Amino acid sequence: MGNVDLVYPTAPTVECAHRVAIPPSQPFFSSLKSSLKETFFPDDPLRQFKNQPVSRRLVLGLQYFMPILEWAPRYTFDFFKSDLVSGITIASLAIPQGISYAKLANLPPILGLYSSFVPPLVYAMMGSSRDLAVGTVAVASLLMASMLGKEVSAIENPKLYMHLAFTATFFAGVFQAALGFLRLGFIVDFLSHATIVGFMAGAATVVCLQQLKGILGLQHFTTGTDLVSVMRSVFTQTHQSKRRPKFFWISAAAPLTSVILGSLLVYLTHAEKHGVQVEGIAVGRSFAMFKNYHIDGNKEMIAFGMMNIAGSCTSCYLTTGPFSRSAVNYNAGCKTAVSNMVMAMAVMITLLFLTPLFHYTPLVVLSSIIISAMLGLIDYEAALHLWQVDKIDFCVCMGAYLGVVFGSVEIGLVIAVAISILRVLLFVARPRTSVLGNIPNSMIYRNVDQYPDANSIPGILILQIDAPIYFANSGYLRERISRWIDDEEDRLKQSGESSLQYIILDFSAVGSIDTSGISMLEEVKKIVDRRGLKLVLANPGSVVMKKLDRSKFIDLIGQEWIYLTVGEAVGACNFMLHTCKPGATNVDVDAHARENIV
């Protein structure tokens, strides 16, 4: 970073420079209403009700909570033909998966079919996604088995276990619906992509490990889900084959070979792309983007909640929108949520007439179905991408993965949420600060680390703060600004250059500030004054200016030391360095400085 003397040509009039305006004050309740609206209603869902008669508002309100009332009058026979094909197609996937996932949750297989019958009907009426196919998912099934298994044994007391499963489903639905009604769906966004990748891969690994009981025909299997417990359970039972212990691994090889061949087929045909399951709202949004229609996340939370509440009252356990089924539904050409109704009818026919046939289904087949579906959840390509782009995100991903595999699903979930929240807190508590320099032959100032040819301005240190200033980061920013000043003064002493006179803080990225942040600025002002320097602010936003004005900080620093751009601030400081004594603060000098800014 070099040092140059910049010559600023005189502007023709003073009016070319502008003072930073202080926005007019607003009543407290108006400001509070605006803040709440931005927080809970960023999409402005009530816009459609404006300037409408009462009768029309009633109709719109019913359509908001029951989208079927909006699209059903426009439904055509052509749509039905597409939805019929899609519904039958996803039913062929829902039936074996429902049975397998119910077994994974330690519930009777028939409950998996119930869960693919009632909830899809509820979602078809209340959901806003045209492509989402509702049903059970492996991770939710594993979570239910893991958590309920600690309270009651599914083998010793199956009736109580089922009741607890239905109760858990009911309260999950209440929680989902409450989040939707209270417009708190944004809480889901606190789970980062890296955390979800790691958690889902870990859960898939645990699910696959649990299937070793069915694959290898073991009689006694651990109730733990961690890798160590499962491996110990497997290797301590190699002598317990029913008939010919010495041929234990041979008897196990046949079904295992079928699984390997099936998995190889999945890999070669890229069918794993239809096996990725995430959170239902994200699935619906991804397909909505393809078809260019909007999905309200809070409305979807309400729909999921109501379908789980209804499901819990009809012998169903937790359901959501699995990606695998939704991808098949989308590729099969579905047009509306009627495809879910068709799937439900197909499942109902299965329940009425075909259920006895599933009594003869071997456990190894169910285990194979689960494993083949879970392989797509281990997204190693996403993990490699995280390693290449952001090593910290990769560590977050692996932390969530290892927590699930070597601890438990609950521990992994806690680690995943904790890491996500910690990451957010670190971003807030330790915001980036950087030194800015002048891009040659321009009035642009950028980070000197990103632009090595950017020149420093003699006697002036320009610092940029890249985050709002709150109580959580005010102490750090005070210390960091002081260290930047120390580093710059040491550099100038070693190089023998002119001494430091002005500190410019670029507030372009500071969207807000609280009272702790204002106190920090007052402390920085005192630190700068004790060193015989001058503090200058550049481009504070409206919210920041309003609070600085109310706190009298503007009077403390002087409004003539607050500039609209970094360029204006540098021009004023550079003018005074060459024409006035350092530290001059009167308005006349400020006016002369502004006349010398381009």
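Residues numbered from 1 in each chain as written. Predicted model: local features only at pLDDT ≥ 70, side-chain atom pairs only at ≥ 80, totals over all residues. Heavy atoms only, no water.

A few points about the overall build of the chain
For step 1, the next point in the chain: Across its full length, the chain holds 26 helices and 6 strands.
For step 2, the next point in the chain: Relative to its full complement of 598 residues, the chain shows a buried share of 47%.
For step 3, the next point in the chain: Accessible surface, the chain: about 29,900 Å² in total, of which carbon and sulfur atoms supply 64%. (Helix = DSSP H or I, 4+ residues; strand = E, 2+ residues; numbered from the N terminus. Buried < 20%, exposed > 50% of the residue type's maximum accessible area, 1.4 Å probe, protein only. Areas by Shrake-Rupley, 256 points an atom, 1.4 Å probe, with all protein chains shown as cover.)

Side note on the pattern of salt bridges
For step 1, the next point in the chain: By the definition in use, this model includes 10 salt bridges.
For step 2, the next point in the chain: With a shortest N-O distance of 3.5 Å, aspartate 390 and arginine 423 are connected by a salt bridge. Of this pair, aspartate 390 sits in the loop between α18 (380–389) and α19 (391–406) while arginine 423 is found in helix α20 (residues 409–429), placing the two residues 33 residues apart along the sequence.
For step 3, the next point in the chain: The network of salt bridges with common partners includes Asp390, Asp393 and Arg423. (Salt bridge = Lys/Arg side-chain N within 4 Å of Asp/Glu carboxyl O.)

Focus on the side chain of serine 312
For step 1, the next point in the chain: Take serine 312: it is sitting in helix α14 (residues 297–312).
For step 2, the next point in the chain: Given the relative accessible area of 10%, serine 312 is considered buried.
For step 3, the next point in the chain: Those residues within four positions of serine 312 in sequence are excluded, and the remaining contacts are Phe166, Thr169 and Phe170. (Contact = heavy atoms within 4.5 Å.)

Here's the deal with unusual backbone geometry
For step 1, the next point in the chain: At asparagine 51, a position not held by glycine, the phi torsion is positive, near 55 degrees.
For step 2, the next point in the chain: One can find asparagine 51 in the loop between α1 (28–40) and α2 (54–65).
For step 3, the next point in the chain: Owing to a relative accessible area of 79%, asparagine 51 belongs among the exposed residues under this scheme.

Quick word on the pairing of strand β3 (residues 460–465)
Moving residue by residue along a regular strand, the side chains alternate between the two faces of the sheet.
For step 1, the next point in the chain: Most of β3 is tucked away: 6 of the 6 residues are buried.
For step 2, the next point in the chain: In the sheet, β3 pairs with strand β4 (residues 502–506) via 5 bridges, with the strands oriented parallel. In the sheet register, glutamine 464 faces β4, and the bridge partner there is aspartate 506.
For step 3, the next point in the chain: Following the chain from β3 across helix α21 (residues 471–495) to the adjacent parallel β4, one finds a crossover that is right-handed. (Pairing = 2+ DSSP bridges. Right-handed = clockwise from strand over helix to strand, strands pointing away.)

Topic: helix α25 (residues 566–579)
For step 1, the next point in the chain: In a regular helix each residue adds 1.5 Å, so 14 residues correspond to 20 Å; α25 covers 20 Å between its end C-alpha atoms and thus fits that length.
For step 2, the next point in the chain: When you tally the buried positions in α25, you get 11 out of 14 residues, the bulk of the element.
For step 3, the next point in the chain: For α25, every residue scored as buried is listed here: Val566, Gly567, Glu568, Ala569, Val570, Gly571, Ala572, Cys573, Asn574, Phe575 and Met576. (Expected span 1.5 Å × (residues − 1).)

So, the sheet that holds strand β2 (residues 445–447)
For step 1, the next point in the chain: Taken in spatial order, the 6 strands make up an open sheet running β2-β1-β3-β4-β5-β6, and their pairing is mixed. Two strands bound the open sheet, and with one partner strand each, they are β2 and β6 (562–563).
For step 2, the next point in the chain: Both strand β1 (residues 433–438) and β3 contribute to a ladder of 3 bridges, which runs antiparallel. Its bridge partner lying in β3, serine 434 is registered against glutamine 464.
For step 3, the next point in the chain: Those strands touched by α21 are β1, β3 and β4, and its axis lies near 150 degrees from that of β3. (Axes fitted to C-alpha atoms, helices over the stretch in contact; angles between N-to-C directions.)

Focus: the environment of alanine 400
For step 1, the next point in the chain: Along the chain, the position of alanine 400 falls in helix α19.
For step 2, the next point in the chain: The residues touching alanine 400, leaving out its near neighbours within four places in the chain, are Thr195, Gly198, Phe199, Gly412, Ile415, Ala416 and Ile419.

Regarding the packing of helix α7 (residues 138–149) against helix α9 (residues 193–210)
For step 1, the next point in the chain: Relative orientation of the contacting elements α7 and α9 amounts to 70 degrees, with a least axis distance of 10 Å. By the angle between their directions, the pair α7 and α9 is classed as roughly perpendicular. The way α7 lies across α9 gives a crossing that is left-handed. Residue-level inspection shows Ala138, Val139 and Leu142 of α7 in contact with α9, the latter providing Phe199, Met200, Ala203, Val206, Val207 and Gln210. (Parallel < 35°, antiparallel > 145°, perpendicular 65-115°, else oblique. Left-handed = near helix turned anticlockwise from the far one by under 90°.)

Some remarks on the nonpolar core
For step 1, the next point in the chain: With 53 residues, the main nonpolar core has Ile462, Ile503, Ile504, Leu505 and Phe507 as its most contacted residues.
For step 2, the next point in the chain: Take this core: its biggest share by element is 7 residues, from α25.
For step 3, the next point in the chain: Ignoring any residue separated from it by four or fewer positions in sequence, one finds isoleucine 503 in contact with Leu461, Leu463, Ile485, Val528, Leu533, Lys534, Leu535 and Val536.
For step 4, the next point in the chain: Within the second largest apolar cluster, 32 residues are counted, among which are Leu142, Leu143, Leu148 and Tyr317. (Core = buried A, V, L, I, M, F, W, Y, C linked by side-chain atoms within 4.5 Å.)

Regarding the packing of aromatic side chains
Any two aromatic rings considered together are summarised by their centre-to-centre distance and by the angle between their planes.
For step 1, the next point in the chain: A full pass over the atoms with the stated rule returns 9 aromatic pairs.
For step 2, the next point in the chain: On the basis of an interplanar angle of 35 degrees and a centroid distance of 6.0 Å, the ring pair of phenylalanine 65 and phenylalanine 181 is categorised as tilted. Taken as a pair, phenylalanine 65 in helix α2 and phenylalanine 181 in helix α8 (residues 158–181) lie far apart in primary sequence, 116 residues in all.
For step 3, the next point in the chain: Accessibility expressed as a relative area gives 36% for phenylalanine 65, which makes it partly exposed.
For step 4, the next point in the chain: Note on tryptophan 71 and tyrosine 75: the rings are 6.0 Å apart at their centroids and 55 degrees apart in plane angle, and the pair reads as tilted. (Phe/Tyr/Trp six-rings, centres within 6.5 Å; stacked < 30°, edge-to-face > 60°.)

Some thoughts on the confidence of the model for the chain
For step 1, the next point in the chain: Taken residue by residue, the chain gives an average pLDDT of 79. The fraction at 70 or more is 78%.
For step 2, the next point in the chain: Note on residues 582–598: pLDDT under 50 across the span, and 42 contacts to partners over four residues away in sequence or across chains. (pLDDT = per-residue confidence, 0-100.)

Some remarks on a nonpolar patch on the surface
For step 1, the next point in the chain: Taken together, the side chains of Val424, Phe427, Val428, Tyr470 and Phe471 present a nonpolar region at the surface, about 470 Å² in accessible area.
For step 2, the next point in the chain: By residue number, the principal contributor to the nonpolar patch is α20, which donates 3 residues.
For step 3, the next point in the chain: Examined against the element boundaries, phenylalanine 471 turns out to sit in helix α21.
For step 4, the next point in the chain: With a relative accessible area of 63%, phenylalanine 471 lands in the exposed category. (Patch = residues over 30% accessible without salt bridge, like charges linked within 9 Å, V, L, I, M, F, W, Y side chains within 5 Å.)

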